[in-house]
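One letter stands for each residue in the lines below.
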Amino acid sequence: MPIGKLFNSIKEKFEGKKGGKEERDDPMDIDQPQIDPFEGETEEKLVTEAQSKKTSENPLAPTLTIEGQPKFTSFYVSTEKQKLRRFLTHLSTDKPIYREKEIVYFRGVILNGIDRLPWNRFGSNSCSEIPDQWTLSYGAKLIVYSPSGDEVFSEALSSASTDSVVSAFWTIPPNQSGGDYKAVIQWNIANFPPAEREFNIRAFRNPRVKTQIKFEKKGYGAGELATANLNVRRAEGEVPLGCKITASARVDGVQVWTESGYQLDSNGDVSVSFKLPQSIVEGDGTLSFVIEDGGVVENASQTIPILLQKMDVRIYPEGGELIQEVPNRFYVEAFTKSGDPADITAEVVERSSGKVVGSVETLHEGRGKSFFVPEAEKAYDLRVVKPSGILNLIPFPTVLSEGIALSSLKDTYNPTESVELALVSSRDYENVKVSLFKVDIELSSSTPFSLKKGEVKGIKLPTVEGTGVLRATVFVDSKPVSERIVFKHSEKKLLIQMRPESKGLAPGKSVRLHIKTTDEKGKPISANVGVTVTDDSVLEMVEKRKQVARLPEMALLENEVDSLCDSPFYFDSKEENSNIAIDLLLGTQGWRRFVLESDVKERESKVPDQGKRERLGLFHERSDVEQRGFLDDDDEGGASSESEEEEMELEEEKEETKEEATRMDLNEIDVKPVAKQRLPQRGDEPKEEKKEKAKMKDKVMRIEPKEEAKQQDKRKMVMKEMAPKKKDVAMAAPMARRRRVLEEKEREFDEDEDDLCDIMIVRQAVVREYAFKARSGRKIGERVDFKETLFWNANIKTDEKGRAVVSFDLNDSVTSFKAWADGFSTNGHLGASNVLLESREPFYLEPKIPLEVSSGDIIQLPVALANTLSEQVVGDLSVVLEGKGLKLSKDSPATSEFTLKGEERKRKVINLEVLEAREDTQLTVRASSKKSAHVKDSVTRPVRVVPSGFPYQFDSAGSLEPDQSVTHTFELPKEFIEGTVKTQIHFYPSSSSKLSEALRSLIRSPCGCFEQTSTTTYPLVMALQYFESQPKGTVDKKVIDDARKKLEEGYKKLAGYECKKGGFEWFGGDPGHEALTAYGLMQFSEMKHVISVDSGMIARTEKWLMGRRNADGSFQRNSRALDDFGGAPEEHTNAYITWALTEAGVDVGKSVDYVIEKCAVKKDAYVWALVSICLYRLKRVEQAQEWARKIAELQKEDGSVTDEATSITRSGGRSLIVETTALSLLAWISDPQDTFSHIVAKAGKYLVSCCKGGSFGSTQATLLALKAIIANDKIAASKMQPGTIIASLNGKEVGRVDVTNGSDTISLPDFGSLFKKSKVQNEIKIEMSKCFKMPYSVNLDFFATKGDTSEECKVRIDTKLNDTKLQEGSGTELEVILRNVSEESLPMTLAVIGIPGGLEVRVDKLKELVKGGVIDFYEILGRRVALYWRYMDPKAEKKILLDVVAAVPGTYSGPASNAYLYYTNEYNWWNQGLKVEISPK
């Protein structure tokens, strides 16, 4: 058929099909009977014939070839062995948002990646040695990462239950900073990729109404009419009919529209429309609703999706490439500048002529699809026509002269349908084959066929098994040329029903929840169900489309795409466009294409990915593990060529390296080119396998967007330099996407499964359950306990009738709770459901309390009163305050009268004053009827009170001798605020006192590479050595036991990194690394004194390391250096290795002499200290003293030792000083003649003073400081004597503590309240009677009306509220301007913004700022919001608008705002706290 006729035929079929569940909506589904492979065949026939050919003797062999058709289809079924290799963990939490001190419950469900069968299903089916009931090995751990990427919690998941579920929980520590956290489950088993889930920590107030806002479109331009829908329900669940609603819109900090008088319909919905301004500059817009429901006033806000020039549009050709002269389908995905989906209508324009050749409109989540026929040697652009005003064009990828266009004929496929594909090419091809895969297991394949130019052929690929996301790949001569993924629905569905046993639920009542599980036909089946019951008002704080997917969506879609939002939509049978939405999702988020690896310049990866050997476990030698890699693609576009020769070279490159989908910031089209390079690879290969693969002439890289989010930091670094080579073609960010290397050769599964079986048989674990129990003695009408999660069980197994019952109590909240259940059966059924449990009281009150307030604030506390009874209630309302932070204003009596008609809701406002105190206050509000004793309610909640002004902190430390005293003088600034001072004076009877503090911060599960694991284990070695030498009872036994358990766990992990040829390396790969091995040898040599260590390993390590020594005494150096370890100068590396060997008891005199020769003329205290220690160990005392004296000359007055160049880890700043001082101290105390006793104390005092929260700086600094403190303490310790410590302030005794044998940290009472403004200069005297020499620390922190601003700070910050007088429920913007006033680029920079008490920050806006790249990440610290930038350009200025809502009426002052550099936080620039007045509704 001619191309023109073909084009028209396709166009006629495609136009008018916008969505829905039509059977065929594809332009490739054309009428060509002469090549139709489907004629005379049915799905049932193909599947029946395929099944009939299956044999138990050889299930792996192709079983059927369809004869008698132009195309042939063969069926290929996977085996249980192959399935065993592919398991995915689906991680979930009990809710999305948490406060400090709450518990996060984690659940991981482990399902086969092929057919979603649970782990335990593969016991006896896969290996005869494995019993029917078996569990996973000790190969998993849960890690929680903070917003900044720091590990804050980890726990080994000892095993999975027999039902394929793992679980854990984390109690969030007090004062844990808020922000977006990430939980990760990692495995040490092959092909168990990590699972991730994000959750948020912040202070928040539970809203009394649940709201959801949804815009009619996901994109509006200037001057357009925007329409949005608001849904409102009370926290208890019903629609608040009759409530008052006011809507307003703000754009670029200015209110542009407001209207009141809106009413809800019976479903709780209301729709509003408003016109955007004709002129919009930044496009920062917010739509807000104020809902007044009787006595309740709440706000609902959402960002208006305004589209200007700054937007992101990505183009994905179906199959990977655009092919000339044939119909090409393409997908588009559009985003706002904040990273949210954007709806657009666009035209396809031929660049040179401006002719419109196609169009596309987005349909769901900013995604759409269309087609056009590209002409040869033409270039095309996408022009956005709606919304209007977007002038920039988005370039299409380069049109290729040769290739095969692949298209799916349906959006999705039903369980019994074959996958129907169409192929069309721009030239003749022979030996073409199409295969269908699930992961890398071939499910179905055609026989080879020829494809003529312009000919459209249909391929029908039946499958007996294999549902969910499938991969269709086109091969030519066994090389993949195009590919796409398709979705096939599963016929297996798990229906979960939940029903509470009784109705009329109320706070404090018990609930029995009945669960029933059936299959899709209603037949009861046993299933494993996870159940969570949580306050629904918290769940609904998250926008519907951003709520976390449940198990079916996780298992069927989430692992195949980069981002899964609006997850319930895809499998909602009520949604007309759900199938096309799945296709659009897979065509964009799941898009892929190929490039030839031979066209990509390789470079050695610096940092191994998590998928390296430790992830591959016992399978790292097996050839069937799919290799994955990263690379950067640069050839498909670029800066313009200046010569014809360059143009010709670029045209040649086009044939070799294909251009991938375009992702473009419309304001940044012209950027510089980047050379081809390969980013870090995932997975090492054995040499034998590498040699085998090297024989292949062509290797193929498959680009998969799923991996992109995991490499955000790497991508950002690469993107700065990437761009097109020709102006007529633009490249984009996908150049930094990971490429999966697909070796297109037959993979053979290793038949020896003994290792696999051995590692997986372990004891069964108990899956945790939490069920809330009402407090004993609870009285009706007293509500104090508002825990939000009432029940959580990761694995409830229903019986053979599909039944189970769970029980829990309701908390004190008047609200609705959502009971969520999702689960699986042993046969692969998946399902999820929920039910709402409404907890009500006939009469109740709710105070609206600010999250935190400052001294001097006035709270106008709204108290909502609700009477759902039919009769009138007349009663008294009273307030009780426990604590010193609040008092009732004079105009607010302690008790007042109220009257509520039947079914009436109203509010009372109580005025409270915030005092100058540093303590929380318990606020209790009571209401009771004068007529009925049963009509009453009370609510008790805490109010956090902090001082106003600027924070200050003074620190001092030292050592005190028996029967002596010391005086510290503190001069407080005249602006200090009386009553805000807090004092802390601690004495440490032994190093264990300080070490206990250090241990608490260092005890955690070991993880990561050899060096990362050592950062946990080595400090524990030294601490345990010391603790065991202390009198019994000196150190908490639980601390010791936990440390030993973690150390044993870490030792096993460290031992696993021993290289085959000797030594140690970060991940155990040959060759070993000398410096790292020396570090390990020293560690193991000390470790053997506290736990059992393989002596043979120590001997092998020593032998290998000595074998790396040169004839002159120096050591060979592996040039590889990870995590900054081992990349130090040669003299530092040699000195460190030599020291490590001497610490292990090895005589390395020749090496010491070599180091002395090389460093004799260099002034470097770090190296000198190492030399001195080595000489002392070798009994060369006189020489050692010479070097020790040199170091002593460099000691500063504070006891520190400086004048060093660097360290083994190339550290700097305070950490380097601590490392050098610690090594110097180790040298001085090694002197047998006690020559340096006069300076040892000063060094020890300095090290003790450097301990902040258990850390001394970097890991090496902490390690060496602990080592030195312990050694010094062992030498200087004397028998503990009883005595007394007395503290005085300005001559008056303020504290006295008796010291007895066995005392741990000794603390004197806080006497901060005694500091007065009349006395600026204050003396604190500390006396010690008897006792013994002890180090101590003194800390004062307080607030002042003036900040300690430093002119040395390189940044300046300005903050202001756009509106300082607001009405309750309204919103405004907080403007932040951060400026780099220096001429240099700055590293990590922070702006910490104080928020006045009655305001609440809209956290969704913070997330949008991160997604849009405006900030790098954020943290929430009480009422302070910390904004982070990883770097700032010279003289750069950042302007940010934060959305804030006037939540609680009153007059408030916020904490002071400040800015500083992360690594020099001693230099701050402060701003006065913001003030706001909020009037009540």
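Remember, predicted model here, so these are calculated numbers, not experimental data.

Thresholds applied
- Residues numbered from 1 in each chain as written.
- Predicted model: local features only at pLDDT ≥ 70, side-chain atom pairs only at ≥ 80, totals over all residues.
- Heavy atoms only, no water.
- Helix = DSSP H or I, 4+ residues; strand = E, 2+ residues; numbered from the N terminus.
- Buried < 20%, exposed > 50% of the residue type's maximum accessible area, 1.4 Å probe, protein only.
- Contact = heavy atoms within 4.5 Å.
- Areas by Shrake-Rupley, 256 points an atom, 1.4 Å probe, with all protein chains shown as cover.
- Axes fitted to C-alpha atoms, helices over the stretch in contact; angles between N-to-C directions.
- Left-handed = near helix turned anticlockwise from the far one by under 90°.
- Nonpolar A, V, L, I, M, F, W, Y, C, P; charged D, E, K, R; others polar.
- Pairing = 2+ DSSP bridges.
- Expected span 1.5 Å × (residues − 1).
- Core = buried A, V, L, I, M, F, W, Y, C linked by side-chain atoms within 4.5 Å.
- Salt bridge = Lys/Arg side-chain N within 4 Å of Asp/Glu carboxyl O.
- Phe/Tyr/Trp six-rings, centres within 6.5 Å; stacked < 30°, edge-to-face > 60°.
- Lys NZ or Arg CZ within 6 Å of the ring centre and 35° of its normal.
- pLDDT = per-residue confidence, 0-100.
- Polar contact = N/O pair within 3.5 Å; in protein donor to acceptor, adjacent residues only side chain to side chain.
- Parallel < 35°, antiparallel > 145°, perpendicular 65-115°, else oblique.

### Re the overall build of the protein
Looking only at helices and strands, one finds 25 helices and 75 strands in the protein. Expressed as a percentage of its 1481 residues, the buried residues of the protein come to 60%. Intrachain contacts of the protein at a sequence separation of at least 6 include 74% that bridge at least 24 residues. Carbon and sulfur atoms make up 47% of the accessible area of the protein, which totals about 58,500 Å².

### Looking at helix 7 (residues 578-588)
Burial analysis of helix 7 places eleven of its eleven residues in the buried class, which makes it a mostly covered element. Within helix 7, the full set of buried residues consists of Ser578, Asn579, Ile580, Ala581, Ile582, Asp583, Leu584, Leu585, Leu586, Gly587 and Thr588. Here the buried face of helix 7 lies against strand 17 (312-317), strand 19 (328-335), strand 21 (356-364), strand 22 (367-372), strand 32 (468-476) and strand 33 (479-488).

### Regarding the packing of helix 16 (residues 1074-1087) against helix 17 (residues 1095-1107)
Where helix 16 contacts helix 17, the two axes come as close as 10 Å, and the packing angle between them is 145°. Crossing of helix 16 against helix 17: the hand is left-handed. From helix 16, Glu1074, Thr1077, Ala1078, Leu1081, Phe1084 and Ser1085 reach across to helix 17, where they touch Met1097, Ile1098, Thr1101, Glu1102, Trp1104 and Leu1105. Along the lines of polarity and charge, the residues of the contact of helix 16 with helix 17 split into seven nonpolar, three polar and two charged.

### A few points about the sheet that holds strand 52 (residues 895-900)
Strand order in this open sheet of five strands is 48-55-54-50-52, and the pairing throughout is mixed. The open sheet is flanked by strand 48 (852-854) and strand 52, the only strands paired with a single partner. Each strand of the sheet is rotated relative to its neighbour by a mean of 30°, with strand direction disregarded. Bridge count for strand 50 (residues 873-882) against strand 54 (residues 921-929) is eight bridges, and the pairing is antiparallel. Pairing of Leu877 across the sheet is with Ala927, part of strand 54.

### Describing helix 21 (residues 1181-1192)
Within an α-helix, residues lying three or four positions from one another point in the same direction, as the helix has 3.6 residues per turn. The terminal C-alpha atoms of helix 21 lie 16 Å apart, and with twelve residues this matches the ideal 16 Å at 1.5 Å per residue to within 8%. Turning to helix 21, the residues buried within the fold contact helix 19 (1149-1159), helix 20 (1165-1177) and helix 22 (1213-1228).

### Re the nonpolar core
In this structure, Phe1084, Met1087, Trp1139, Leu1223, Trp1228 and Leu1247 are the most contacted members of the largest nonpolar core, which totals 92 residues. Among the elements that make up this core, the one with the highest residue count is helix 20 (eleven residues). Those residues in contact with Phe1084, other than ones at most four positions away along the chain, are Phe1010, Tyr1051, Leu1054, Phe1064, Val1093, Met1097 and Ile1098. Counting residues in hydrophobic clusters, the runner-up holds 63 residues, among them Val863, Ala1391, Ile1395 and Leu1474.

### Let's talk about the sheet that holds strand 59 (residues 1283-1289)
Strand pairing in a sheet is mediated by backbone hydrogen bonds. Such pairs are either parallel or antiparallel. Read across the open sheet, the four strands follow the order 57-62-59-60; overall the sheet is antiparallel. Of all strands in the sheet, those with a lone pairing partner are strand 57 (964-971) and strand 60 (1292-1299), marking the two edges. Going across the sheet, the axis of each strand differs from the next one's by a mean of 15°, ignoring polarity. Pairing of strand 57 with strand 62 (residues 1321-1330) involves eight bridges; the strand directions are antiparallel. Residue Ser965 lies in a different strand from strand 62, and its bridge partner there is Glu1327.

### Comments concerning the pattern of salt bridges
Where charged atoms of side chains with opposite charge meet at close range, the side chains can pair. Taken as a whole and assessed by the stated rule, the structure comprises 75 salt bridges. Through salt bridges with shared partners, a single network forms among Arg208, Arg234, Glu236, Glu238, Asp293, Arg783, Glu838, Arg840, Glu846, Arg905 and Asp937.

### Focus: the pairing of strand 26 (residues 404-408)
Where a strand is regular, its side chains alternate between the two sheet faces. With respect to burial, strand 26 is a largely interior element, five of its five residues being buried. Relative to strand 27 (residues 419-425), strand 26 runs antiparallel, the two sharing five bridges. Among the inter-strand pairings, Ser407 is bridged to a residue of strand 27, identified as Ala422.

### Quick word on the packing of aromatic side chains
Using the criterion set out here, one finds 36 aromatic pairs in the structure. Taking 5.4 Å as the distance between ring centres and 20° as the angle between the ring planes, the aromatic pair formed by Tyr105 and Tyr770 counts as stacked. One end of the pair, Tyr105, is in strand 4 (residues 103-112); the other, Tyr770, is in strand 42 (residues 769-771), and 665 residues separate them in sequence. Across the ring face of Trp820, the terminal group of Arg550 is positioned such that the distance to the ring centre comes to 4.4 Å. Positioned above the aromatic ring of Trp1187 is the side chain of Lys1190, whose terminal nitrogen or guanidinium carbon lies 4.2 Å from the ring centre.

### Side note on the pairing of strand 14 (residues 269-275)
A one-sided burial pattern is seen for strand 14, the buried positions being Val270, Val272 and Phe274 and the unburied ones Asp269, Ser271, Ser273 and Lys275. Pairing between strand 11 (residues 225-234) and strand 14: seven bridges, direction antiparallel. When the bridges of strand 14 are listed, Ala226 appears paired with Phe274.

### Points about the confidence of the model for the protein
The predicted coordinates of low-pLDDT regions are not to be read in fine detail. The predicted model of the protein has a mean per-residue pLDDT of 79, with 76% of residues at 70 or higher. Contacts of residues 1-81 to residues separated by more than four positions or lying in other chains number 176 contacts, the stretch itself having pLDDT below 50. In the model, residues 595-766 has pLDDT below 50 throughout and makes 430 contacts with residues more than four positions away in sequence or in other chains.

### Re the side chain of Glu846
Residue placement: Glu846 occurs in strand 47 (residues 843-847). Residue Glu846 is classed as buried on the basis of its relative accessible area, which comes to 8%. At 3.3 Å, the side chain of Glu846 and the side chain of Arg783 are in polar contact.

### A short note on the packing of helix 20 against helix 21
At a closest axis distance of 8 Å, the pairing of helix 20 and helix 21 adopts a crossing angle of 155°. Judged on the interaxial angle alone, helix 21 and helix 20 are roughly antiparallel. Here helix 20 and helix 21 pass one another in a crossing that is left-handed. On the side of helix 20, the interface is formed by Trp1168, Ala1169, Val1171, Ser1172, Leu1175 and Tyr1176, while helix 21 contributes Val1181, Gln1183, Ala1184, Gln1185, Trp1187, Ala1188, Lys1190 and Ile1191. The residue inventory of the contact of helix 20 with helix 21, partitioned by class, reads ten nonpolar, three polar and one charged.

### Brief notes about unusual backbone geometry
Residue Pro387 is bonded to the preceding Lys386 through a cis peptide linkage, with omega at -5°. Its identity as a non-glycine residue notwithstanding, Ser478 has a phi of 70°, on the positive side. In this fold, Ser478 is placed in the loop between strand 32 and strand 33.

### What about the side chain of Glu102?
As for its position among the elements, Glu102 is in the loop between strand 3 (97-98) and strand 4. Excluding anything up to four places from it in sequence, Glu102 contacts Lys95, Ile97, Trp170, Thr171, Ile172 and Glu788.

### Re the environment of Ala957
For Ala957, the position within the fold is in strand 56 (residues 950-960). Distance from Ala957 to Asn1339, taken between C-alpha atoms, is 8.6 Å for residues 382 residues apart in sequence. Setting aside chain neighbours within four positions, we find Ala957 in contact with Lys1245, Ser1249, Tyr1336 and Ser1337.

### Digging into the environment of Thr1300
With respect to the helices, strands and loops of the structure, Thr1300 is situated in the loop between strand 60 and strand 61 (1306-1308). When the C-alpha atoms of Thr1300 and Gly1283 are compared, they prove to be 6.9 Å apart, with 17 residues separating the residues in sequence.

### Some points on the environment of Leu1263
Turning to its location among the elements, Leu1263 is positioned in helix 24 (residues 1259-1276). Here Leu1263 falls in the buried class, since its relative accessible area comes to 3%. The spacing of Leu1263 and Glu1219 is 44 residues in sequence and 8.5 Å in space, taken between C-alpha atoms. The contacts of Leu1263, once residues within four sequence positions are left out, are Tyr1018, Pro1019, Met1022 and Tyr1079.

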